[in-house]
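# A look at the structure
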Amino acid sequence: MARKILGYIELVWTCDSCKTKNPGAIKSCTSCGAPQPLNVRFEQVDPNTFNFIKDEALIRMARSGPDKHCPYCGTRNTADAKTCVQCGGDLSVGATSRPSGEVIEPYQPEGAASPERSAHAQAPKTGKAPVILILVLLAVCVFGLFLLISMLRTDKITATVSSTRWERAVIVEYYQLTRDSDWAANIPLDATIQDCSLKYHYDSDEPAENSEEVCGEPYTVDTGTGVGQVVQDCYYKVYEEYCSYEAMRWTYGETLRLSGTDLNAVWPAANLTSTERIGQATETYTIWFSAGSKQYDLQTTDYALYQQAVPGSEWSLQVNKLGAVTAATPRD
Ligand SMILES: [Zn+2]
Ligand SMILES: [Zn+2]
């Protein structure tokens, strides 16, 4: 968010001793002469309009930095003052600079309640953690642990191969003209651009080739000098060319499958043309075992293991508490 300075306006401050409202640049009360207090709060005179200052000297002063208070008499002096205008005291040591940069609230007439500063008014939330949520989380953890233990703990059993099944699949890909769209900067070099149009892409603090400035409501910031700085927070909506394009690409075609129940699996045969190729290939082998009255099955991609699953052969299985086979080896 970039902050834009629109101009400077006069502020007022209230005398602690006699409650007189004084112009911001006046350093001691016009009514009783009391110095402006250290913790003075400047206010905007008119909440609805900004009467921008034309006086160059006053603007220069506002830009020079926050005023500082004399460590001896408390009088406010400008940032560049070496000695106090009131008592002549040395300001190089111990002078307190006014805070600056605070957002100024519009002036509230006498009797009207001043609005709470919402940014600082909210106390940090320290609510009780919801007990039910913790109990549910605990239950989920216990269940997860139980599941993990069940999966890790295995029994070794002897079983016989009852049947087998293999399945192999290949994806045939086609080299063909495909349509896609992207930001102009991301379009591949081999592509043919179809048509482009400006489209909103992102927000930026800096203006760009095609951008639209978006600004918030103006507000006043304390410069620490009794003069307020009217600012506006702005950003840019950046638009960029978004294009549709065409390019030759390998694309997903069809899946060829073959399956069988014997131990010699084969790959599906594809009669490929010059614009076709084999993409991803997958293989899955299932071996069913029986041990007494119980049935187990093992799914694997290990073809060498599958080839040993002669029906009727004896195998050693590791079976976990959920009944899943975690390891299988043929017994010689
Ligand atoms: Zn006063
Ligand atoms: Zn002084």
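Here the structure is a predicted model, which is why all the values come from computation and not from measurement.

### Quick word on the coordination of the zinc ion (ligand 2)
Here the zinc ion (ligand 2) is held by the protein donor atoms Cys70 (SG), Cys73 (SG), Cys84 (SG) and Cys87 (SG), which lie 2.2 to 2.3 Å from it. One can describe the donor arrangement at the zinc ion (ligand 2) as tetrahedral, given that its four donor atoms subtend angles of 105 to 114 degrees at the metal. One chain supplies every donor for the zinc ion (ligand 2), spaced along it as C-x2-C-x10-C-x2-C. Taking the relative accessible area as the measure of exposure, Cys84 reaches 5% and is therefore buried. Classification of Cys87 as partly exposed rests on a relative accessible area of 41%.

### Here we look at the packing of aromatic side chains
Within this structure, the stated rule accounts for seven aromatic pairs. Connected via pairs of aromatic rings, a cluster forms that spans Tyr285, Tyr303 and Tyr306. Lys237 extends its terminal NZ or CZ atom over the ring of Tyr200, reaching a point 4.7 Å from the ring centre.

### Re the coordination of the zinc ion (ligand 1)
Each pair of donors in an ideal four-coordinate tetrahedral metal site encloses 109.5 degrees, whereas pairs in an ideal six-coordinate octahedral site enclose 90 or 180 degrees. Around the zinc ion (ligand 1), the protein contributes the donor atoms Cys15 (SG), Cys18 (SG), Cys29 (SG) and Cys32 (SG), at 2.2 to 2.3 Å from the metal centre. Classification of the site at the zinc ion (ligand 1) as tetrahedral follows from its four donor atoms and the range of 104 to 116 degrees in their angles at the metal. Each donor residue of the zinc ion (ligand 1) belongs to the same chain, with the gaps between them written as C-x2-C-x10-C-x2-C. One end of the pair, Cys15, is in the loop between strand E1 (2-14) and strand E2 (21-23); the other, Cys32, is in the loop between E2 and strand E3 (43-44), with 17 residues separating them in the sequence. The class of Cys15 is buried, set by a relative accessible area of 2%.

### Observations regarding the pairing of strand E11 (residues 227-260)
With eight bridges joining them, E1 and E11 adopt antiparallel strand pairing. Pairing of Lys4 across the sheet is with Gln232, part of E11. When strand E8 (residues 192-204) meets E11, the two strands line up antiparallel, connected through eleven bridges. Each bridged residue has a counterpart across the sheet, and for Asp203 the counterpart in E11 is Lys237. One ladder, built from five bridges, connects strand E9 (residues 211-215) with E11; its direction is antiparallel. Looking at the pairing, Ser211 lines up with Val238 of E11.

### Side note on the pairing of strand E10 (residues 219-222)
Neither face of E10 is left uncovered, since the one carrying Tyr219 and Val221 and the one carrying Thr220 and Asp222 both have all their residues buried. As judged from the four bridges shared by E10 and E11, these two strands associate in the antiparallel manner. Bridge pairing links Asp222 to Gly228 in E11.

### Brief notes about the domain arrangement of the protein
In terms of domain boundaries, the protein breaks down into domain 1 (154-173 + 253-330) and domain 2 (175-217 + 233-246). Between domain 1 and domain 2, the C-alpha centre-to-centre distance is 50 Å.

### Digging into the state of the cysteines
Scanning all chains against the criterion turns up two disulfides. For Cys196, the disulfide goes to Cys243, at an S-S distance of 2.0 Å. Where Cys196 bonds to Cys243 through sulfur, the torsion about that S-S bond is close to 110 degrees, and the disulfide is right-handed. Within this pair, whereas Cys196 is found in strand E8, its partner Cys243 is found in strand E11, the two being separated by 47 residues in sequence. Bridging Cys215 to Cys234, the disulfide has an S-S length of 2.1 Å.

### Points about the pattern of salt bridges
The tally for this structure, following the rule as stated, stands at 13 salt bridges. Here Asp67 ties to Arg76 by a salt bridge, and the two come within 2.4 Å at their closest N and O atoms. We classify Asp67 as buried; its relative accessible area is 0%. Among the residues examined, Arg76 registers a relative accessible area of 0% and is labelled buried. Between Arg257 and Glu167 there is a salt bridge whose closest N-O contact spans 3.3 Å. Here Glu167 lies in strand E7 (residues 154-183) and Arg257 lies in strand E11, a separation of 90 residues in the sequence. Using a relative accessible area of 26% as the deciding quantity, one classes Glu167 as partly exposed.

### So, the sheet that holds strand E6 (residues 96-97)
If you walk across this open sheet you meet the three strands as E5-E4-E6, and the pairing is antiparallel. In this open sheet, the two strands that pair with only one neighbour each are strand E5 (76-77) and E6. Pairing geometry for strand E4 (residues 68-69) and E6, over two bridges, is antiparallel. Among the inter-strand pairings, His69 is bridged to a residue of E6, identified as Thr96.

Cut-offs and rules
Residues numbered from 1 in each chain as written. Chains lettered and ligands numbered in written order. Predicted model: local features only at pLDDT ≥ 70, side-chain atom pairs only at ≥ 80, totals over all residues. Heavy atoms only, no water. Donors = N, O, S within 2.8 Å, 3.2 Å for Na, K, Ca; no water. Tetrahedral: all angles 85-135°; square planar, octahedral: opposite > 155°, others 65-115°. Buried < 20%, exposed > 50% of the residue type's maximum accessible area, 1.4 Å probe, protein only. Phe/Tyr/Trp six-rings, centres within 6.5 Å; stacked < 30°, edge-to-face > 60°. Lys NZ or Arg CZ within 6 Å of the ring centre and 35° of its normal. Helix = DSSP H or I, 4+ residues; strand = E, 2+ residues; numbered from the N terminus. Pairing = 2+ DSSP bridges. Domains from an automatic or database assignment. Disulfide = S-S within 2.5 Å. Salt bridge = Lys/Arg side-chain N within 4 Å of Asp/Glu carboxyl O.

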